[in-house]
Amino acid sequence: MTKSVLPLALAVGLFSVEASLAAVPTLAKTFDTNVTTVGMTSSQESKIQSAERKIRAVIGSEEFRTRVLNHTYAGKKQFLSNNGLTNAQIYQKILEGAEKLTPTKNNAMDITVKLYYQNSSTVGYTTTSSKVINMNTKFFNKYTSSEVAHNMMHEWMHKLGYSHTSYYTSSRIYSVPYALGKIMNELAPKY
Ligand SMILES: [Zn+2]
């Protein structure tokens, strides 16, 4: 009788692992990052590579999927400034990776990261007409790779066409760039 206990426990364990993985779509597992860097030292370069690895791992995770699908603003499952899209549609668009300037659905984050220095409180910025994400070395150099991943995710959401107010509001954190940046910031240290 005791001999049957172990195989049964293993079977139950395997089943639950398969059940949880089944919820993550293939596009999440195959998500890639194509980041071009401009004028970086090798240590700045490796921080970007570490951030890319974290972004791929987070986007491929079940927790990321759950966090995006269940994001709540004003008592409803939604994002602020969502371009009329549901949480599920926003999740799908992240996986597709079709930037406004490079609209092919290539299942990847396609960005160029350029460093600059300015003695200001601006961490980084981007403009709608450019693929380039500008990051201030005043912050970049002291940031962990998870914080850089947070920053890249926020700016990449702009590349996918989402925006937020340029001035502070109490609800701005629920916009797609801020909310996805926050999700990345919270999950990236796990990878
Ligand atoms: Zn922004």
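For the structure, see preceding data.
If you're wondering where the values come from, they're calculated on a predicted model, not measured in any experiment.

A. Inspection of the overall build of the protein chain at higher detail. Helix and strand counts for the protein chain come out as 8 helices and 6 strands. Taken from N to C terminus, the helices and strands of the protein chain fall in the order α-α-β-α-α-β-β-α-β-β-β-α-α-α. The 191 residues of the protein chain split such that 41% are buried. Expressed as a percentage of contacts within the protein chain between residues at least 6 apart in sequence, the contacts between residues at least 24 apart total 61%. With the model as given, the accessible surface of the protein chain reaches about 10,200 Å², and the carbon-plus-sulfur share is 57%.

B. Local environment of helix α5 (residues 87-96). Residues Asn87, Ile90, Tyr91, Ile94, Leu95 and Glu96 constitute the buried set of α5. Among the residues trailing α5, Gly97 stands out with phi positive, at a value near 65°.

C. Focus on the coordination of the zinc ion. Looking at the zinc ion, the protein donor atoms are His154 (NE2), His158 (NE2) and His164 (NE2), and they sit 2.0 to 2.1 Å from it. Donor residues binding the zinc ion come from one chain and are separated in sequence as H-x3-H-x5-H. Of the two residues, His154 and His158 are both situated in helix α7 (residues 145-159); the distance of 4 residues between them amounts to about one turn of the helix.

D. Highlighting the packing of aromatic side chains. Per the stated rule, a full pass over the model turns up 5 aromatic pairs. Where Phe64 meets Tyr91, the ring centres are 6.2 Å apart and the plane angle is 45°; that geometry is what we call tilted. With a gap of 27 residues between them, Phe64 in helix α4 (residues 62-69) and Tyr91 in helix α5 connect regions that are remote in the sequence. Here Phe64 matches Tyr91 in class, with each residue buried. On the numbers, 5.4 Å between centres and 70° between planes, the contact of Tyr116 with Tyr125 is edge-to-face. A relative accessible area of 39% means that Tyr125 is categorised as partly exposed. A cation sits over an aromatic face here: Lys47 above Phe140, 5.3 Å from the ring centre.

E. Quick peek at the sheet that holds strand β4 (residues 108-116). Across the sheet, which stays open at both edges, the 4 strands sit in the order β1-β4-β6-β5 with mixed pairing between neighbours. Both outer strands of the open sheet, β1 (32-38) and β5 (124-126), are each paired with one neighbouring strand and no more. Put simply, the sheet's adjacent strands are angled 25° from each other on average, direction ignored. Taken together, the 5 bridges between β4 and strand β6 (residues 132-136) define a ladder with parallel strand orientation.

F. Inspection of the packing of α4 against helix α8 (residues 176-187) at higher detail. The N-to-C vectors of α4 and α8 enclose an angle of 150°; their axes lie 11 Å apart at closest approach. On the basis of their axis angle, the class for α4 and α8 is roughly antiparallel. When the axes of α4 and α8 are compared, the crossing they make is right-handed. Across the interface between the two elements, Glu63, Phe64, Arg67 and Val68 of α4 pack against Leu180, Ile183, Glu186 and Leu187 of α8.

G. Region of interest: α8. Between its terminal C-alpha atoms α8 stretches 16 Å, which fits the 16 Å expected from 12 residues at 1.5 Å a residue. Among the residues of α8, those classed as buried are Val176, Pro177, Ala179, Leu180, Gly181, Ile183, Met184 and Leu187. Against α3 (42-59), α4, α5 and α7 lie the buried residues of α8.

H. The arrangement of the packing of α3 against α7 in detail. Contact pair α3 / α7: the axes reach a minimum separation of 8 Å and the direction vectors enclose 70°. Relative to α7, α3 is oriented roughly perpendicular. The interaxial crossing formed by α3 with α7 has right-handed handedness. Here Lys47, Ile48, Ser50, Ala51, Glu52, Lys54, Ile55 and Ile59 of α3 lie close against α7, whose contacting residues are Ser145, Ser146, Val148, Ala149, Met152 and Met153.

Parameters and conventions
Residues numbered from 1 in each chain as written. Predicted model: local features only at pLDDT ≥ 70, side-chain atom pairs only at ≥ 80, totals over all residues. Heavy atoms only, no water. Helix = DSSP H or I, 4+ residues; strand = E, 2+ residues; numbered from the N terminus. Buried < 20%, exposed > 50% of the residue type's maximum accessible area, 1.4 Å probe, protein only. Contact = heavy atoms within 4.5 Å. Areas by Shrake-Rupley, 256 points an atom, 1.4 Å probe, with all protein chains shown as cover. Donors = N, O, S within 2.8 Å, 3.2 Å for Na, K, Ca; no water. Phe/Tyr/Trp six-rings, centres within 6.5 Å; stacked < 30°, edge-to-face > 60°. Lys NZ or Arg CZ within 6 Å of the ring centre and 35° of its normal. Pairing = 2+ DSSP bridges. Axes fitted to C-alpha atoms, helices over the stretch in contact; angles between N-to-C directions. Parallel < 35°, antiparallel > 145°, perpendicular 65-115°, else oblique. Left-handed = near helix turned anticlockwise from the far one by under 90°. Expected span 1.5 Å × (residues − 1).

Distances and angles like these do not, on their own, reveal function.
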